[in-house]
Amino acid sequence: MLNLIFFGPPGVGKGTQASKAAKHYNLIHVSTGDILREEIRLETELGIKVKDVIASGELVPDKYLIELLENTCEKHKGAQGFVFDGFPRTLRQAEALEEMMERTNCKVAKVISLEVPAEELVRRLVNRAIEQGRTDDTADVIKNRLVVYQKHTEPLIDFYKKRDVFVVIPGEGTIDDIFAAICNEIDNRY
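As the structure is a prediction and not an experimental result, all values here were calculated from the model.

A. Local environment of the sheet that holds strand E1 (residues 2-7). Pairing is parallel in the open sheet, where 5 strands are placed in the order E2-E3-E1-E4-E5. This sheet does not close on itself; its edge strands, each paired only once, are strand E2 (28-31) and strand E5 (166-170). Recorded for the sheet is a direction-independent mean angle of 20° between the axes of neighbouring strands. With 5 bridges joining them, strand E4 (residues 110-115) and E5 adopt parallel strand pairing. Note on E5: the bridge partner recorded for serine 113 is valine 168. In this fold helix H1 (residues 14-25) packs onto E1, E2, strand E3 (81-85) and E4, with an angle of close to 165° to the strand it touches most, E1.

Rendered as structure tokens:
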């Protein structure tokens, strides 16, 4: 089973590359952001609980995301693997994912960290907000999301480096060139 995590700050291109990797390797793409936005749109119990948290640029509480992830993986028991996009974002989430993987005798094969300068991230997020009508990507929310990322998510780098699965891929260039670098890393090391 091939399990990948796409890692990096908002706007780095995780969703685009994770989607391509899922198709290329025939894996299930699990985008917590997409799932949460759908929950909000449908006004589910979870959607109502997390709507204001997401609108402020803060992280959704671990308990909600862990439950969401476990339910999603349970629905796809026969999958060849998963591409996790936007999860984990905290050390507790990473530990929960590892526990879940151990229960099914699996592990994370690679954590693909896409890196882009901060100014480029802000530019991308503002453009995405305009193009996709995403109200969660205002300038103030974007800045807060980057601060939250640094505070809560960057500690995961050491967590995954210790497991020797963390790899950095530059996130600037064409989508296809970045994807080729990702595939090269996965194919040569897994």
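B. Broad picture of the packing of aromatic side chains. In this structure the tally under the stated criterion is 4 aromatic pairs. With centroids separated by 6.1 Å and ring planes inclined at 55°, the aromatic side chains of phenylalanine 7 and tyrosine 149 adopt a geometry described as tilted. Of this pair, phenylalanine 7 sits in strand E1 while tyrosine 149 sits in helix H7 (residues 139-153), and the two are 142 residues apart along the sequence. The residues phenylalanine 7 and tyrosine 149 share a single accessibility class, namely buried. Aromatic pair phenylalanine 82 and phenylalanine 84: ring centres 5.7 Å apart, planes at 20°, arrangement stacked. In terms of burial, phenylalanine 82 and phenylalanine 84 fall into one category: buried. Taken together, the aromatic side chains of Phe7, Tyr149 and Phe166 make up a single cluster linked through ring pairs. Directly above the ring of phenylalanine 179 sits lysine 20, whose terminal nitrogen or CZ lies 4.9 Å from the centroid. The side chain of arginine 163 reaches across the aromatic face of phenylalanine 159, ending 3.6 Å from its centre.

C. Representation of the packing of helix H2 (residues 32-41) against helix H4 (residues 62-75) in the model. Packing of H2 against H4 brings their axes to within 11 Å, and their N-to-C directions diverge by 100°. Classified by the angle their axes make, H2 and H4 are roughly perpendicular. Mapping the contact onto sequence places Thr32, Ile35 and Leu36 in H2 and Leu65, Leu68 and Thr72 in H4. Here the residues of the contact of H2 with H4 are counted per class, giving 4 nonpolar, 2 polar and no charged.

D. Layout of helix H5 (residues 91-103). Between the first and last C-alpha of H5 there are 19 Å, a value that for 13 residues agrees with the 18 Å anticipated at 1.5 Å per step. Within the sequence span of H5, burial applies to Gln93, Ala94, Ala96, Leu97, Met100 and Met101. In an axial view of H5, the angular spread of the buried residues amounts to 160°, which keeps them on one side of the axis. Along H5, exposed side chains directed more than 90 degrees from the buried face belong to Glu102 and Arg103. Turning to H5, the residues buried within the fold contact E1, H4, E3 and helix H8 (156-161). Phi turns positive, to about 60°, at asparagine 105, one or two residues after H5.

E. Quick peek at the nonpolar core. In this structure, Leu36, Val50, Leu69, Phe84, Leu97, Val111 and Tyr160 are the most contacted members of the largest nonpolar core, which totals 33 residues. When residues of this core are traced back to their parent elements, those giving at least two are E1, H2, helix H3 (45-56), H4, E3, H5 and H8. Per element, the largest residue contribution to this core is 6 residues, and it comes from H4. Counting residues in hydrophobic clusters, the runner-up holds 25 residues, among them Tyr25, Leu27, Ile142 and Ile169.

So, how was this worked out
Residues numbered from 1 in each chain as written. Predicted model: local features only at pLDDT ≥ 70, side-chain atom pairs only at ≥ 80, totals over all residues. Heavy atoms only, no water. Pairing = 2+ DSSP bridges. Helix = DSSP H or I, 4+ residues; strand = E, 2+ residues; numbered from the N terminus. Axes fitted to C-alpha atoms, helices over the stretch in contact; angles between N-to-C directions. Contact = heavy atoms within 4.5 Å. Phe/Tyr/Trp six-rings, centres within 6.5 Å; stacked < 30°, edge-to-face > 60°. Buried < 20%, exposed > 50% of the residue type's maximum accessible area, 1.4 Å probe, protein only. Lys NZ or Arg CZ within 6 Å of the ring centre and 35° of its normal. Parallel < 35°, antiparallel > 145°, perpendicular 65-115°, else oblique. Nonpolar A, V, L, I, M, F, W, Y, C, P; charged D, E, K, R; others polar. Expected span 1.5 Å × (residues − 1). Arc of directions from axis to C-beta. Core = buried A, V, L, I, M, F, W, Y, C linked by side-chain atoms within 4.5 Å.

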